[in-house]
Amino acid sequence: MVALLTLLSALPALAQDAAKEPAYRAFPLIGSRLAVWAIAQLHLNFAAFILGVPIFAVIIEIIGWRTGDAQYDWLSHEFVKLTFAAFSTTALLGALLLFLFIGYYPKFWTYMTSIFFPTYGVYAALFFAETFTVYIWYYGWDWLSGSRKWIHVSLGVLSNVFGTAILLVANSWVTFMISPAGVDESGALKGSVWAAINNFTWMPINIHRLIANIVFGGTIAAAYAAFRFLGAKTDEERARYDWMGYIGNFVALSAFIVLPFAGYYLGREIYAFNQTMGITMMGGFMSWLWIIQAILIGVLFMGSNYYLWLGMERIPGSERYRRYVPMLIGILAFGFMVWATPRSMVITLDEARAMGGTHHPVLGFLGVMSAKNTAVNMMILTTFLSFVLYRRANKVSTKPWVGTGMAIQWAALGLAAAVVIFFGVYGYFVESLVRIGFSVYQVLAVLGAIFVVMAIDIPMFKGARSTGAIRWGTIAPRSQYVLILLAVTFTWLMGLMGFARSGIRQHWHVYGIMRDNSVDAVTPAIGYAANMITVVTIAFFALVLFIFWLGGLGEKGRAEAHGHAAPVIAGGSDRRP
Amino acid sequence: MRLPVAVKVGAFALVVMGTYTYYANSIPQIQSKPPAELSLEGGNVTPAQLVKAGEEIFHTKGTCEICHRIGQKGTRAPDLAGIGARAGKTKPGMSAKQYIIESLLQPGAYLVEGYPNIMPQVDKPPIALNRSEVWALTAFLESQGGNVDVTLDDIPKTAGATAGGAPAEIKIPGDPKAGEVVFSTKGACIACHKAGKIGASPVGPDLSQIAKIQTPDYIMKKILDPAGSGTVAGFPKGVMPPMFGQTLTAKEYVDLVAFLLTLK
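It should be emphasised that the depicted structure is a prediction, and the values quoted were computed from it without experimental measurement.

S.K.: Which residues make up the side chain of T219(A), and what are the values?
M.R.: Relative to the assigned elements, T219(A) resides in helix 8 (residues 202-230). Among all residues touching T219(A), those that are not within four sequence positions of it are G248(A), A252(A), L486(A), A487(A) and F490(A).

Dropping the structure here:
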């Protein structure tokens, strides 16, 4: 199309008239695609943060309200403070993205408007509602305290309801581009806009993004705490941010454990919408992208576990559980290696002859979904076990049925592992369609084990004898770099998944309906995408640092921001999770 | 000297991202390019040329290889080795080419035992092969152990009618009637091309349905840069004059394009 526009621009007046309503315009220097890519990724990063953090901030506030522990109230306020500072940046980036679409992809935007115009008003109304609610929530922290705390908590809940609704509306646009529904072959809306909204990938992406936003918010908040920990001048400050970092990571890890299941659901719906798209995604030109994804998720699993193990060193009584760590490392490392094993490799002819084909005779078998599903489920179980050990590190149950309870817990974990491995091996002997169904059994076994173990663990350790208080602030500084590693990795992973989501449309703006005729219709290779993702991720963290710094300026000179004294945590409390 | 925390953290983050980026650049780099349109209508195409074009479509735009292999049993779709020979015996009363065409355009009409009904219609988006491409692909599949006897007339006229996924609409402000005059007189296109009722020479491809099988940007570019836009299979290269950009006025050029876009 750019070639066409170039031709037209070389012609005199009449031909120029034809170009007055171009389908595309070229963004200076970097081109339209990179401009949209950068702003969209930045906008999504900020939006994920401001939508994810309030979800767990309000939960923490409720815990503080019901237990009467002011430290949780302080922590919740700290988290909301972070999102509050990023709020206007998110809106600004959203507006910029809209201008880019209107200006540089006018026909595409006109088409999207022809389908989704009724949702624009809803989006705007929700945006206003959320903005006002968050403002009152943040600024009304002191005003709505004491007997009016329930109103304040309700505002927090309400802001999350509005925020999630905004997410659902925006997701309808982006998922329509992937899996259009409710339109005829020419792309015209057949009936109600609801059919276009409720397309194949809308609900899976809603769920996936909602969970991922919580993970993302948790990792960024934990990284912020890590940064403050490393720069802390006093033990008290270190203890405070150690605790904050732990909570952030705990939130991220809890949500992260269920994220792969949401990913499976999304993948299944993509296949249900269009087999070609699904196969192109997993086995076509994007197949190597999933190897990188596996490595990143492997880093997240390893990092999360390592942080928990380091954290156990500051808990008296945790020595009992250290003997399990080598076993946990072994499972995680093996799972990591399996997950990152490619099915086939691009190699020279001589190498292929030496190996007997593009598939390694032994390792090639680890590159298929049966092995990978088994690996990731075992990694999830292992991470959950690390958390359970951390949770009970300084506790000794006094319940008379502790032996039975422990036995059932181990049996549940063992049974889940057996089910996961059984279906993993059995999957090699059945057709692909049957094999895909096995992943459901594996997921259910893992979720079931998590449920059973926690259902026993909570009453079993209620009123448990403490072996000593958690020594907050004494954790090794390298643990804080792990938190930063997790935040950077997850942000980069979000960029990669954004590329995957957009790339599976290939040369279509709206898959199968509106073709991309621009000069950028080529879907770039993974290296090019990685360069772009890194540049945008650097820009994101630079902006975040700047915004947090600006937010901090407002607090300087005020010992108690909004009347919230920073809690004294040194010495810790074994009441916390 | 102690480094500030921000510097240490920043350097650490850059190393992490740099590692991921380096790895991503170290593995195989595969782009996904938009498929080119193939037009064979009106051309004198030999079976060998047709099979070659079909093989190209099989590997690229058709995306057949995602599920099908030739000489290797697939888990998602049948092995296509020898399909040309066995296609005529698969469904009673159907010749090889009829079976293959039906399989491409109505894949669910007959399923090979043991395989799911997952194949998309190849003439519909997102694959969106046009009629020429379905023709060539059929010839290629026939060539796998069978005789290539498929003709363009065997491919239903409706095949690929809505293919292409609505390329961006372009409004050409030219006058088609004036363009027809340009075609017949100053442009002298009529000397080589047929366009509906006018022209008859077989020197260049028949343009009677050019707007149906080609995009506006291809047509516009082809007039100005014939060599750079490729030559239709079966026709000699370098015959079409390259000077229309200089000899036609802008109005004549836009009128001519407007006329060609009426040829459906």
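From this point, things continue past the structure.
S.K.: So what's going on with the pattern of salt bridges? Residues and values would help.
M.R.: Oppositely charged side chains may form a pair once their charged atoms are brought near each other. Residue and element names in this part refer to chain A. Under the criterion given, the structure shown has 14 salt bridges over all chains. One salt bridge in this structure joins E78 and K81, with 3.2 Å as the shortest N-O distance. Here E78 and its partner K81 are both found in helix 4 (residues 70-104), three residues apart, which amounts to about one turn of the helix. Residue classification places K81 among the buried positions, given a relative accessible area of 15%. Residue R238 is joined to D235 by a salt bridge in which the shortest nitrogen-to-oxygen separation is 3.1 Å. Of the two residues, R238 and D235 are both situated in helix 9 (residues 235-273); the distance of three residues between them amounts to about one turn of the helix. Salt bridges linked by common partners bring E61, D73 and K149 together as one network.

S.K.: Mind laying out the confidence of the model for chain A, listing which residues take part and the relevant values?
M.R.: Residues and elements named next belong to chain A. Chain-level statistics for chain A give a pLDDT mean of 87 and a share of 88% at 70 or above. Within the model, pLDDT remains below 50 along residues 1-20, and this stretch shows 30 contacts once partners closer than five positions in the same chain are excluded. Low pLDDT (under 50) marks residues 570-577, which in the prediction has 21 contacts with non-local residues, meaning those over four places away or in another chain.

S.K.: Give me the environment of H509(A): which residues, what numbers.
M.R.: All names here are of chain A. Examined against the element boundaries, H509 turns out to sit in strand 3 (residues 508-510). Separated by 331 residues in the primary sequence, H509 and I178 have C-alpha atoms spaced 8.4 Å apart. A polar atom in the side chain of H509 sits 2.7 Å from the side chain of Y24.

S.K.: For empty space enclosed by the protein, give the residues involved together with the corresponding values.
M.R.: All chains considered together, the criterion is met by six cavities of 30 Å³ or more. A volume near 70 Å³ is recorded for the largest cavity. Surrounding the largest cavity, F285(A), M286(A), W288(A), L289(A), F499(A), P524(A), I526(A), P28(B), Q29(B) and I30(B) form its lining. Its residues assigned to classes, the lining of the largest cavity comprises nine nonpolar, one polar and no charged.

S.K.: How would you explain the packing of helix 14 (residues 369-391) of chain A against helix 15 (residues 402-426) of chain A if you had to name every residue and give the values?
M.R.: All names here are of chain A. Relative orientation of the contacting elements helix 14 and helix 15 amounts to 165°, with a least axis distance of 8 Å. By the criterion of interaxial angle, the relationship of helix 14 to helix 15 is roughly antiparallel. Handedness of the crossing formed by helix 14 with helix 15: left-handed. Contacts between helix 14 and helix 15 involve S370, T374, N377, M378, L381, F384 and L385 on the former and, on the latter, W410, L413, A416, A417, V420, I421 and G424.

S.K.: Which residues make up the confidence of the model for chain B, and what values go with them?
M.R.: All names here are of chain B. On average, residues of chain B score 83 in pLDDT, and 90% of them reach the 70 mark or higher. Within chain B, helix 7 (residues 210-213) has the poorest average pLDDT of any element, 70, and helix 1 (residues 5-26) the best, 94. Here residues 163-169 scores under 50 on pLDDT; set against residues more than four positions off or in separate chains, the count is 20 contacts.

S.K.: Any chance you could break down helix 5 (residues 131-142) of chain B for me, citing the residues and the numbers?
M.R.: All names here are of chain B. Helix length check: helix 5, at 12 residues, gives a terminal C-alpha distance of 17 Å against a target of 16 Å (1.5 Å per residue), a fit within 8%. Most of helix 5 is tucked away: 12 of the 12 residues are buried. Of all the positions in helix 5, only R131, S132, E133, V134, W135, A136, L137, T138, A139, F140, L141 and E142 are classed as buried. In this fold, the buried residues of helix 5 make contact with helix 2 (47-59), helix 3 (83-90) and helix 4 (96-105). The backbone nitrogen of S132 lies 3.0 Å from a side-chain oxygen of the residue at the head of helix 5, namely N130.

S.K.: With reference to specific residues and values, describe the packing of aromatic side chains.
M.R.: Following the criterion strictly, the structure yields 48 aromatic pairs over all chains and no others. Geometrically, the ring pair formed by F423(A) and Y441(A) is tilted, given 5.0 Å between the ring centres and 40° between the ring planes. Residue F423(A) is located in helix 15, and its partner Y441(A) is located in helix 16 (residues 432-460); the two are separated by 18 residues in the primary sequence. A relative accessible area of 17% means that F423(A) is categorised as buried. Centre to centre, the rings of F58(B) and F140(B) are 5.3 Å apart; their planes meet at 55°, and the pair counts as tilted. Placement of F58(B) in helix 2 and of F140(B) in helix 5 is noted, with a sequence separation of 82 residues between them. Side by side, F58(B) and F140(B) carry an identical accessibility label, which is buried.

Rules of the game
Residues numbered from 1 in each chain as written. Chains lettered and ligands numbered in written order. Predicted model: local features only at pLDDT ≥ 70, side-chain atom pairs only at ≥ 80, totals over all residues. Heavy atoms only, no water. Helix = DSSP H or I, 4+ residues; strand = E, 2+ residues; numbered from the N terminus. Contact = heavy atoms within 4.5 Å. Salt bridge = Lys/Arg side-chain N within 4 Å of Asp/Glu carboxyl O. Buried < 20%, exposed > 50% of the residue type's maximum accessible area, 1.4 Å probe, protein only. pLDDT = per-residue confidence, 0-100. Polar contact = N/O pair within 3.5 Å; in protein donor to acceptor, adjacent residues only side chain to side chain. 1 Å grid on protein atoms, 1.4 Å probe; cavity = no way out; pocket = protein on both sides within 12 Å on 5 of 7 lines; lining within 4 Å. Points joined across faces, edges and corners; volume = space filled by probe spheres on them. Nonpolar A, V, L, I, M, F, W, Y, C, P; charged D, E, K, R; others polar. Axes fitted to C-alpha atoms, helices over the stretch in contact; angles between N-to-C directions. Parallel < 35°, antiparallel > 145°, perpendicular 65-115°, else oblique. Left-handed = near helix turned anticlockwise from the far one by under 90°. Expected span 1.5 Å × (residues − 1). Phe/Tyr/Trp six-rings, centres within 6.5 Å; stacked < 30°, edge-to-face > 60°.

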